[in-house]
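Spelled out from the first residue to the last, the chains are:
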Amino acid sequence: MAAKIRKGDLVEVVRGRTADEQKLAERNARREAEGLEPLKPGDKGKQGRVIKVFPAEEKVLVEGVNLKTRHVRQGPNQAGGIETVEAPISLSKVALVDPDTKQRVRVGFREDTVERDGRTRTVRVRVTRGGAKRGIEQGKEI
C-alpha cells in the first residue's frame, strides 16, 4: 500500500468524521436532543499534499490534515508557546487524487521496458484504473 502513495502526492481523507456542515448540524441536533455534547467537524473530504510517508507504521503526514496542538517550552534559541502541527494519519484513511481532475482514483501498475545506458530495464509505472462511470481516464499515468 505504501508504494502507491509517495511524498508530494495529492491525497484526500476518505474516512473519519465529516467536515460537511449540513450533515454535522443534523447529527448535532440529534445529539442535543439526547443531551450529549455537539461534535466538532473533522477532516473527511479534505485534500492535501503528502509531506512524509512512514511505511513501517503504514501512515502518512498530510499538509493541513489531522492538526494537533502542541505546547512548546521556551528554549535558548526559540520562543515557547502553542503550535499547531500535522500528525500522521493511517494509509487506510486516505485515497490518491488525480492532480488534473481533483477526483479520487484507484491505482494500478503497468510494467514498461526502458532502455538506459544500453541496458533494458523493467519499470513499474502508476496508472489509474476503474472509475469509467465517474469519467476517469483508464491507464493514465499519475
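Figured I'd write up the structure that's included with this text. Not measured: the values here are computed from a predicted model.

**Quick notes on unusual backbone geometry**
In step 1: Non-glycine residue glutamate 58 carries a positive phi angle of around 55°.
In step 2: A positive phi angle, near 60°, is found at asparagine 66, a position not held by glycine.

**Considerations on the nonpolar core**
Note that soluble globular proteins tend to have their nonpolar side chains buried in a common cluster.
In step 1: In this structure, Ile5, Val11, Val13, Val50, Val60, Val62, Val65, Ile89, Leu91, Val94, Leu96 and Val107 together form the largest nonpolar core, which totals 12 residues.
In step 2: Those elements giving two or more residues to this core turn out to be strand E1 (10–13), strand E3 (59–62) and strand E7 (94–96).
In step 3: Ignoring any residue separated from it by four or fewer positions in sequence, one finds isoleucine 5 in contact with Val11, Val50, Val53, Val60, Leu91, Val94, Leu96 and Arg126.

**Re the side chain of threonine 18**
In step 1: Mapping threonine 18 onto the fold places it in the loop between E1 and helix H1 (21–33).
In step 2: From its side chain, threonine 18 meets the backbone nitrogen of aspartate 20 in a polar contact 3.0 Å long.
In step 3: With near-sequence residues (within four places) excluded, threonine 18 lies in contact with Lys23, Leu24, Arg27, Pro41, Gly42 and Lys44.

**Points about the pattern of salt bridges**
In step 1: Counted by the stated rule, this structure contains four salt bridges.
In step 2: The salt bridge involving aspartate 9 is made with arginine 126; its shortest N-O contact spans 2.7 Å. Here arginine 126 lies in strand E9 (residues 119–129) and aspartate 9 lies in the segment before E1, a separation of 117 residues in the sequence.
In step 3: One salt bridge in this structure joins lysine 46 and aspartate 43, with 3.1 Å as the shortest N-O distance.
In step 4: Residue classification places lysine 46 among the partly exposed positions, given a relative accessible area of 34%.

**Quick notes on the sheet that holds strand E6 (residues 89–90)**
Adjacent strands of a sheet form backbone hydrogen bonds with each other and so pair up, either parallel or antiparallel.
In step 1: Taking strand neighbours across the sheet as the criterion, the five strands line up as E6-E3-E2-E1-E7 in an open arrangement whose pairing is antiparallel. A single partner strand is all that each edge strand has here, and the edge strands are E6 and E7.
In step 2: Sheet topology note: the E3/E6 ladder contains two bridges and is antiparallel. Following the sheet pairing, lysine 59 is matched in E6 by serine 90.

Cut-off values and rules
Residues numbered from 1 in each chain as written. Predicted model: local features only at pLDDT ≥ 70, side-chain atom pairs only at ≥ 80, totals over all residues. Heavy atoms only, no water. Core = buried A, V, L, I, M, F, W, Y, C linked by side-chain atoms within 4.5 Å. Buried < 20%, exposed > 50% of the residue type's maximum accessible area, 1.4 Å probe, protein only. Helix = DSSP H or I, 4+ residues; strand = E, 2+ residues; numbered from the N terminus. Contact = heavy atoms within 4.5 Å. Polar contact = N/O pair within 3.5 Å; in protein donor to acceptor, adjacent residues only side chain to side chain. Salt bridge = Lys/Arg side-chain N within 4 Å of Asp/Glu carboxyl O. Pairing = 2+ DSSP bridges.

The values are spatial; any link to function lies outside them.
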